[in-house]
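# Descriptive structure summary
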Amino acid sequence: MDVSDLLTEAYDRLPDLVRAAVDGLSPEQLRWAPGPGANTIGWLVWHLTRIQDDHVADVLDTEQVWVSGDWARRFGLTADPHDTGYGHSPAQVAAVRPESAQALIDYYQAVSGRTRQFLAGLRPADLDRVVDEAWDPPVTLGVRLVSVAEDDLQHVGQAGYVRGLIGAG
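Residues numbered from 1 in each chain as written. Predicted model: local features only at pLDDT ≥ 70, side-chain atom pairs only at ≥ 80, totals over all residues. Heavy atoms only, no water.

## Thoughts on the packing of aromatic side chains
The condition that has to hold: Put simply, two rings from Phe, Tyr or Trp (the six-membered ring, in Trp's case) pair if the centres are within 6.5 Å, and we call them stacked under 30 degrees between planes, edge-to-face over 60, tilted for the rest. For every residue, the accessible area (1.4 Å probe, protein chains only) is compared with the maximum for its type, and the residue is labelled buried under 20%, exposed over 50%, or partly exposed between those bounds. Secondary structure is summarised from DSSP: a helix means a run of H or I of at least four residues, a strand means a run of E of at least two, and numbering begins at the N terminus for each.
Counting across every chain of the model gives five aromatic pairs. With centroids separated by 5.6 Å and ring planes inclined at 55°, the aromatic side chains of Trp-66 and Phe-75 adopt a geometry described as tilted. For Phe-75, a relative accessible area of 0% gives the class buried. Between Trp-71 and Tyr-107, the ring centres sit 5.4 Å apart and the planes meet at 40°, which makes this aromatic pair tilted. Of the two residues, Trp-71 is situated in helix 5 (residues 71-74) and Tyr-107 in helix 7 (residues 101-120); the sequence distance between them amounts to 36 residues. Classification of Trp-71 by relative accessible area gives buried; the value is 13%. By the ring-pair criterion, three or more aromatic residues cluster together here, those being Trp-46, Trp-66, Trp-71, Phe-75 and Tyr-107.

The following block contains the structure:
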């Protein structure tokens, strides 16, 4: 298995997990928090999608999916490319208000499609390219892609757990 196939295999697991976490939930269920300051399903899935969108757009040196369409309106937000949810306060988490489960699924599918296309063209040598010099050591493309996959898997798992708490398991 080559590097492109390996990463595609990892990322291709996410769309079904995203769908399973949100499918059939009402807007109210997507906005429900299990406790004060806790993340909602809607925020978790929006955030994991925003991180993938932001990071992949950055390595491609292209515009994010988030700002190229009508996505922000569907979440009650502005199309700020810097707002990925990182460091959000409880009030900011609550402000992420997806209009439906389908809005989350659609946005994830749009981002995932671009990611999959990018992964298909990767060669092993590409993974050594430094994509972020703000860290010590600098972050390579390989490290960035593994980090995004890990973040997405962690948050989709959290969303599935919260789904179980609301009894929609």
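From this point, the narrative continues.
## As for the side chain of His-155
The cut-off we apply is this: What qualifies as a polar contact is a pair of N or O atoms within 3.5 Å, subject to a donor-acceptor requirement within protein and to the restriction that residues adjacent in sequence count only when both atoms come from side chains. Any pair of residues with heavy atoms lying within 4.5 Å of one another is described as a contacting pair.
If you trace the backbone, His-155 turns up in helix 8 (residues 141-165). A distance of 2.7 Å separates the side chain of His-155 from the side chain of Gln-158, its partner in a polar contact. When sequence neighbours within four positions are dropped, the list of residues in contact with His-155 reads Leu-44, His-47 and Leu-48.

## Re the nonpolar core
For clarity, the threshold we go by: Think of a nonpolar core as a cluster: buried Ala, Val, Leu, Ile, Met, Phe, Trp, Tyr and Cys residues, connected wherever their side-chain atoms sit within 4.5 Å.
In this structure, Val-22, Phe-75 and Leu-145 are the most contacted members of the largest nonpolar core, which totals 46 residues. Among the elements of the structure, helix 1 (3-12), helix 2 (14-22), helix 4 (41-60), helix 5, helix 7 and helix 8 are those that each provide at least two residues to this core. Leaving out residues up to four positions away in the same chain, Val-22 has contacts with Leu-30, Ile-41, Val-45, Ala-101, Leu-104, Ile-105 and Arg-163.

## Focus on the pattern of salt bridges
Proximity of charged atoms lets side chains of opposite charge pair with each other. The test is simple: A side-chain nitrogen of Lys or Arg and a carboxyl oxygen of Asp or Glu constitute a salt bridge if their distance falls within 4 Å.
Under the criterion given, the structure shown has 10 salt bridges. Across the pair Arg-73 and Glu-99 runs a salt bridge whose closest N-O atoms are separated by 3.6 Å. Here Arg-73 is found in helix 5, whereas its partner Glu-99 is found in the loop between helix 6 (90-95) and helix 7, with 26 residues between them in sequence. Judged by relative accessible area, which is 36%, Glu-99 ranks as partly exposed. Close ionic contact of Arg-123 with Asp-126 constitutes a salt bridge, the shortest N to O distance being 2.8 Å. By sharing partners, the salt bridges in this structure join Asp-70, Arg-73, Arg-74, Glu-99 and Asp-106 into a single network.

## Quick look at a nonpolar patch on the surface
Here is the rule we go by: Like-charged residues within 9 Å of one another, or nonpolar side chains (Val, Leu, Ile, Met, Phe, Trp, Tyr) within 5 Å, are grouped into patches, provided each residue has over 30% relative accessible area and no salt bridge. Residue burial considers only the protein chains on display, and all accessible areas are found by Shrake-Rupley using a 1.4 Å probe.
Judged by side-chain polarity, Trp-32, Tyr-161 and Leu-165 come together as a nonpolar surface patch covering roughly 330 Å² of accessible area. Here Tyr-161 lies in helix 8.

## Remarks on unusual backbone geometry
The linkage connecting Asp-136 with the following residue, Pro-137, adopts the cis geometry, with an omega of 5°. Looking at the secondary structure, you find Pro-137 in the loop between strand 1 (130-132) and strand 2 (139-140). Its identity is not glycine, yet Asp-61 carries a phi of approximately 55°, on the positive side. Following the sequence through the fold, Asp-61 ends up in the loop between helix 4 and helix 5. For Asp-61, a relative accessible area of 71% gives the class exposed.

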